[in-house]
Amino acid sequence: MDYANSDALGVGPRNTNLLLPHGARGVKVVVVGGFGVGKTTMVGTVSEIPPLTTEETMTQAGIGIDNNPGVQGKSTTTVALDFGRISINQELILYLFGTPGQERFWFLWNGIFEGALGAVVLVDTRRIEVCFEVVTRLEDRRVPFVVAVNTFPEAPQYPLEELRSALALSDSVPIVTCDARDRASCRDALLSLMVYLCNLAAAQESA
């Protein structure tokens, strides 16, 4: 998927200063999912600064090692992380870290998840099974997350509650749709995570 050319949405121009504004709070968020679900695209689309990517060309050396069904046309892959930034408002800035999707790079997740407040799990409905292990790892780490179904044009559409059942998610975990090529859609998915985290914090305080 290519990066979208999005109009300004009131979430910070692309040439925003890299320094954290005075009084603002920076929050680390991870964008995670299986191989080829759109993580690099999402980070690059929504970031108000030029995104850092570690995309490398896939070679014959990966044959027999990487299991990438359904994405035969993909020629590059993230080998370390993606990084971007989006200002939600003057007080809250999200630092976005996209994880590599191929299983042989999952050892990098330990460092990427360090200090993360929450995560967005991107899902491709053509290959739901690639997200099973991702969700399990997040639950084991006790990292709060929301699920964002990436609306690939050729992907089948299912009721969100059917997807909840397929992924064995609890009723409390939000599920939203998201077009990783559209900046407003990516922003809304991130906002759903922020609302979820605020609700979790409020519930803990009242407990």
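Going by the structure above, here's the rest.
No experiment lies behind these values; they were computed from the predicted model shown.

Peer 1: Looking at this model, I keep getting lost on the pairing of strand S1 (residues 25-32). Mind explaining?
Peer 2: Regular strands place their side chains on alternate faces of the sheet. In terms of burial, S1 is largely enclosed, as six of its eight residues are buried. As defined by bridge partners, S1 adjoins strand S5 (residues 92-98) across seven bridges and the pair is classed as parallel. Bridge pairing links Val27 to Leu94 in S5. Both S1 and strand S6 (residues 118-123) contribute to a ladder of four bridges, which runs parallel. Looking across to S6, one finds that Val29 is bridged to Gly118.

Peer 1: Which parts of the structure should I look at to understand the pattern of salt bridges?
Peer 2: In a structure, side chains of opposite charge can pair up when their charged atoms sit close to one another. One pass over the full model with this rule turns up eight salt bridges. Its salt-bridge partner being Arg137, residue Glu133 comes within 3.5 Å of it at the nearest N-O pair. Remark: Arg137 and Glu133 occur in helix H3 (residues 132-141); sequence separation between them is four residues, near one turn of the helix. Under the relative-accessibility criterion, Glu133 is labelled partly exposed at 38%. The class for Arg137 is partly exposed, based on a relative accessible area of 27%. Between Glu161 and Arg164 there is a salt bridge, and its shortest N-O distance comes to 3.1 Å. With Glu161 and Arg164 both in helix H4 (residues 160-166) and three residues apart, this pair spans about one turn of that helix. By relative accessible area, Glu161 is classed as exposed at 53%.

Peer 1: Hey, could you run me through the packing of aromatic side chains in this one?
Peer 2: Describing an aromatic ring pair means giving the distance of the ring centres and the angle of the ring planes. Under the counting rule described, the total for this entry stands at two aromatic pairs. Taking 6.1 Å as the distance between ring centres and 10° as the angle between the ring planes, the aromatic pair formed by Phe83 and Tyr95 counts as stacked. Of this pair, Phe83 sits in strand S4 (residues 82-87) while Tyr95 sits in strand S5, and the two are twelve residues apart along the sequence. Ring geometry for Phe83 against Phe97: centres 5.1 Å apart, planes inclined by 65°, an arrangement best described as edge-to-face.

Peer 1: How should the sheet that holds S6 be read in this particular structure?
Peer 2: Within a sheet, adjacent strands bond to each other through the backbone by hydrogen bonds, running parallel or antiparallel. Spatial ordering of the open sheet is given by S4-S5-S1-S6-S7-S8, a layout of six strands whose pairing is mixed. Each edge of the open sheet carries a strand with a single partner, namely S4 and strand S8 (175-178). Each strand of the sheet is rotated relative to its neighbour by a mean of 30°, with strand direction disregarded. As paired elements, strand S7 (residues 145-150) and S8 share four bridges and run parallel to each other. The residue bridging Asn150 from the neighbouring strand is Cys178, located in S8. Helix H1 (residues 39-46) contacts S1, S4, S5, S6 and S8 of the sheet and is inclined by roughly 35° relative to S4.

Peer 1: It is not clear to me how the pairing of S6 should be interpreted in this structure. Could you clarify?
Peer 2: Extensive coverage of S6 is indicated by the burial of six of its six residues. Neither face of S6 is exposed, since Gly118, Val120 and Leu122 on one face and Ala119, Val121 and Val123 on the opposite face are all buried. Looking at chain direction, S6 and S7 are connected through five bridges and run parallel. Each residue of the ladder has a partner; that of Leu122, found in S7, is Ala148.

Peer 1: How should I be thinking about the environment of Val146 in this particular structure?
Peer 2: The residue Val146 is located in strand S7 in this model. Judged by its relative accessible area of 1%, Val146 falls in the buried class. Setting aside residues up to four positions removed in sequence, Val146 forms contacts with Ala119, Val120, Val121, Val173, Pro174, Ala189, Ser192, Leu193 and Tyr196.

Peer 1: How should I be thinking about unusual backbone geometry in this particular structure?
Peer 2: Phi is positive for Arg142, which is not a glycine, with a value near 60°. Topologically, Arg142 is positioned in the loop between H3 and S7. Since its relative accessible area comes to 76%, Arg142 is described here as exposed.

Cut-offs and rules
- Residues numbered from 1 in each chain as written.
- Predicted model: local features only at pLDDT ≥ 70, side-chain atom pairs only at ≥ 80, totals over all residues.
- Heavy atoms only, no water.
- Buried < 20%, exposed > 50% of the residue type's maximum accessible area, 1.4 Å probe, protein only.
- Helix = DSSP H or I, 4+ residues; strand = E, 2+ residues; numbered from the N terminus.
- Pairing = 2+ DSSP bridges.
- Salt bridge = Lys/Arg side-chain N within 4 Å of Asp/Glu carboxyl O.
- Phe/Tyr/Trp six-rings, centres within 6.5 Å; stacked < 30°, edge-to-face > 60°.
- Axes fitted to C-alpha atoms, helices over the stretch in contact; angles between N-to-C directions.
- Contact = heavy atoms within 4.5 Å.

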